[in-house]
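In case you want the letters, here they are:
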Amino acid sequence: MRYLKTMRSAFIAASYNLIMNGTERRCLSHWRRELLANAHGDVLEIGAGTGLNVPYYATTTKQLTLSEPDQHMRKKLSLNIKKQNHSARITAWPAEQISMPDNSYDTIVSTLVLCSVACQMSSLKEIKRLLKPGGQLIFMEHVISNKPSVLRWQKLLEPTWSLCAGDCRLTRDTKNAIEAAGFQLESLTEAPMRGTPAFVSRTIRGIARKPLATIEL
């Protein structure tokens, strides 16, 4: 079983950029550029993958940390960082357990990651813990469909899809989860991810804020 997981991980890491290339050209690269222009200060990206976000980080980024728990993805990420001559710290932290103190980051980035973390709510609570008061979560995620016919297909396909696509889940209601974790949505855009099947095309992207600490009088 461990061997099969390792082989799956290696295959996904080797083929990810090629598989995503068409969708990146159609919409994702534009969305990344638009969103990451808002990144500033001390920045953490969870599930950094092969580093597709790296070219779009703004010059206002003070310190960039890229966390990627998958060893094969992490190798691709390291090579990409060197190729682009970019300065970043790379770690193997899973999204649910980041080895940093509370209030460590001004910005945390999650793009196409909250669909595949082991526990979405634990990951969001960890993000909230790590953000400074008023800090921002920049997100771009595909989510559960709002069309009953597509939702039926999502539920049917999810076990097989998850096995083939690195534990990705098709039916996560990420917007409601972000709000349930205590974030305040500052901006939200919904749009189809062009060049993908209907069961994975609905996406949301935007910025959510950790509330400022309440001062007791």
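Shown above is the structure to which this text applies.
Quick summary incoming for the structure in this document. (Residues numbered from 1 in each chain as written. Predicted model: local features only at pLDDT ≥ 70, side-chain atom pairs only at ≥ 80, totals over all residues. Heavy atoms only, no water.)

### Examining the sheet that holds strand S4 (residues 105–111)
Spatially, 7 strands are ordered S3-S2-S1-S4-S5-S7-S6 in an open sheet, and the strand pairing comes out mixed. On the outer flanks of this sheet lie strand S3 (89–91) and strand S6 (184–192), each paired with one strand and no other. Each neighbouring strand pair of the sheet contributes to a mean axis angle of 15 degrees, computed without reference to strand direction. With 6 bridges joining them, strand S1 (residues 41–46) and strand S2 (residues 61–67) adopt parallel strand pairing. (Pairing = 2+ DSSP bridges. Helix = DSSP H or I, 4+ residues; strand = E, 2+ residues; numbered from the N terminus. Axes fitted to C-alpha atoms, helices over the stretch in contact; angles between N-to-C directions.)

### Comments concerning the pattern of salt bridges
Note on pairing: side chains with opposite charge can pair once their charged atoms come close. Considering all chains together, one arrives at 10 salt bridges under this definition. Here Glu34 makes a salt bridge to Arg205, at a shortest N to O gap of 3.2 Å. You can see Glu34 sitting in helix H1 (residues 2–36) and its partner Arg205 sitting in strand S7 (residues 202–209), a full 171 residues away along the chain. Take Glu34: its relative accessible area is 39%, and that puts it in the partly exposed class. For Asp42, the salt bridge goes to Lys132, with nearest N and O atoms at 3.8 Å. Of this pair, Asp42 sits in strand S1 while Lys132 sits in strand S5 (residues 131–142), and the two are 90 residues apart along the sequence. Accessibility expressed as a relative area gives 17% for Asp42, which makes it buried. On the basis of relative accessibility, which here comes to 27%, the residue Lys132 falls in the partly exposed class. (Salt bridge = Lys/Arg side-chain N within 4 Å of Asp/Glu carboxyl O. Buried < 20%, exposed > 50% of the residue type's maximum accessible area, 1.4 Å probe, protein only.)

No statement about biological role is implied by the geometric values presented.
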